[in-house]
Amino acid sequence: MRNGSIPGTRGRVRAVTLLGTPVLHTPCEDVTDFGPELATLVEDLFATMYAAEGVGLAANQIGVPLRVFVYDCPDDEEVRHLGHVVNPRLVEADGVVLRGPEGCLSLPGLEAGTERHDHAVVEGFTVTGEPITVHGTGFFARCLQHECDHLEGKVYADRVKGWRRGRLLRQAGRAAWHTGPEPT
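As a starting point, this report considers the structure included with it. Because the structure is a prediction, the values reported are computed rather than measured. (Residues numbered from 1 in each chain as written. Predicted model: local features only at pLDDT ≥ 70, side-chain atom pairs only at ≥ 80, totals over all residues. Heavy atoms only, no water.)

1. A few points about unusual backbone geometry
Consideration 1: Positive phi outside glycine occurs at E78, with the angle close to 65 degrees.
Consideration 2: Inspection of the secondary structure puts E78 in the loop between β2 (68-74) and β3 (80-103).
Consideration 3: The exposed category is assigned to E78, whose relative accessible area is 64%. (Helix = DSSP H or I, 4+ residues; strand = E, 2+ residues; numbered from the N terminus. Buried < 20%, exposed > 50% of the residue type's maximum accessible area, 1.4 Å probe, protein only.)

2. Points about the layout of surface pockets
Consideration 1: Approximately 340 Å³ is the volume attributed to the largest pocket.
Consideration 2: G54, V55, G103, C104 and F139 are, among the 16 residues lining the largest pocket, the residues nearest its centre.
Consideration 3: Residue assignment for the lining of the largest pocket shows that the elements contributing at least two residues are β3 and α2 (138-151).
Consideration 4: Per-element accounting of the lining of the largest pocket gives the leading share, 5 residues, to α2. (1 Å grid on protein atoms, 1.4 Å probe; cavity = no way out; pocket = protein on both sides within 12 Å on 5 of 7 lines; lining within 4 Å. Points joined across faces, edges and corners; volume = space filled by probe spheres on them.)

3. Considering the sheet that holds strand β4 (residues 111-125)
Consideration 1: What the 5 strands build is an open sheet, ordered β1-β2-β3-β4-β5; its pairing is antiparallel. A single partner strand is all that each edge strand has here, and the edge strands are β1 (56-58) and β5 (131-137). Strand-to-strand twist in this sheet, taken as the mean axis angle between neighbours without regard to direction, amounts to 30 degrees.
Consideration 2: As paired strands, β2 and β3 are joined by 7 bridges and run antiparallel to one another. The residue of β3 that forms the bridge with V68 is V86.
Consideration 3: Packing of α2 onto the sheet brings it into contact with β1, β2, β3, β4 and β5, and relative to β4 it is tilted by some 80 degrees. (Pairing = 2+ DSSP bridges. Axes fitted to C-alpha atoms, helices over the stretch in contact; angles between N-to-C directions. Contact = heavy atoms within 4.5 Å.)

Laid out in structure tokens, this is it:
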């Protein structure tokens, strides 16, 4: 991407879907058309992620039920990882399981200790249909797992257990952005 445009500069910022929106809780469909509409979607994902000050964003978080996500995320050594994956598949999640603070643009202002593996490998395609493999460790591995979960219709709150889950759902129910009944 060094010689290309800066991701998101051609995109438009879209509204982020919030917890409880059906598209967030339904598995996404595979991308079958690698044309200009997909390139526009990826640009819009980057623009929206940067506007919301996130490190990753899945297509269903802007209401598009397709298997695509973008990221601009550091690992634990502060190495920056920038890219996108179309039709991603989490093929490895291993290593030590760590509980760390996790948030989400679809649950703004909230976070909870969430268990994730400290190593992850995602396989998929670029916006032009070229196969890619993305390896992540530490915080970046957490990001990859988080975005893959989104495309399966899950949010990090689905992984939180016990009293942490109860507290998170109560906080979501009281949040200014929440419009429906308290989440379950």
